[in-house]
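Notes for the structure review
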Amino acid sequence: MPTSRLATHHARSVLPASVSHEDAAANVARTAVLVEALRARPDLLLAGTDDRLHQRQRAAAMPATLGLVHALRAQGAAAVVSGAGPTVLVLTTTDRLDADRAVAQRAVAGAEGDWRLLHLAVHRQGVVRVADPPTR
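Residues numbered from 1 in each chain as written. Predicted model: local features only at pLDDT ≥ 70, side-chain atom pairs only at ≥ 80, totals over all residues. Heavy atoms only, no water.

Examining the overall build of the chain
Rules: Think of it this way: any DSSP run of H or I at least four residues long counts as a helix, any run of E at least two long counts as a strand, and we number them from the N terminus. For every residue, the accessible area obtained with a 1.4 Å probe (protein chains only) is divided by the maximum for its type, and the residue is called buried under 20%, exposed over 50%, and partly exposed between those limits. To measure how exposed things are, a 1.4 Å probe is used in the Shrake-Rupley method; for residues, cover is taken only from the protein chains shown.
Regarding its fold elements, the chain presents 5 helices and 2 strands. For the chain, the N- to C-terminal ordering of α and β elements is α-α-α-α-β-β-α. The burial tally for the chain puts 28% of its 136 residues in the buried class. Accessible surface, the chain: about 9200 Å² in total, of which carbon and sulfur atoms supply 55%.

Have a look at this one:
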């Protein structure tokens, strides 16, 4: 997570009004791969997180973020720009947790900008209904 901020409206303003059919088709395919990676094939996380619709288009607005994403992905970590950026998210598994944590620490240490690492767990319970809503 960077200590700097980037306004969402600015991050969105650098995106093109339209994208090529090739890029759109590639992202749709990657979405299907990501669903399968999250469902049952974590070995597909890196491929499933490959983006062609918004990350490289925002490079001028957040070069340090894209530099970190590229450094992480070059080491096999499934890294993406999170939200409008400049936060970077790395998806990992229990089996890869230590290796990806080490990759992230090295990448952040060598990255341009001021970054801090947050290690977040997945909340597996999801939404839970605790009471009936009040009647009106």
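Brief notes about the pairing of strand 1 (residues 78-81)
Applicable threshold: Paired strands, in this sense, are two strands between which DSSP finds at least two bridges.
Of the two faces of strand 1, the one carrying Ala-78 and Val-80 and the one carrying Ala-79 and Val-81 are both buried. When strand 1 meets strand 2 (residues 88-91), the two strands line up antiparallel, connected through 4 bridges. Among the inter-strand pairings, Ala-78 is bridged to a residue of strand 2, identified as Leu-91.

Focus on the packing of helix 4 (residues 63-74) against helix 5 (residues 97-110)
The cut-off we apply is this: Lines fitted to C-alpha atoms define the axes, with helix axes restricted to the stretch in contact, and inter-axis angles between N-to-C directions lie between 0 and 180 degrees. Handedness of a helix crossing follows the sense of rotation of the near helix relative to the far helix, less than a right angle counterclockwise being left-handed and clockwise being right-handed. Residues are treated as being in contact if the distance between any of their heavy atoms lies within 4.5 Å. Only Asp, Glu, Lys and Arg are considered charged, only Ala, Val, Leu, Ile, Met, Phe, Trp, Tyr, Cys and Pro nonpolar, and every remaining residue, Gly among them, polar.
The interhelical angle for the contact between helix 4 and helix 5, taken along N-to-C directions, is 145°, at an axis separation of 10 Å. Seen along the crossing, helix 4 lies across helix 5 with a hand that is right-handed. Within the contact between the two elements, helix 4 uses Leu-68, Ala-71 and Leu-72 and helix 5 uses Val-103, Ala-104, Ala-107 and Val-108. Taken together, the residues of the contact of helix 4 with helix 5 break down into 7 nonpolar, no polar and no charged.

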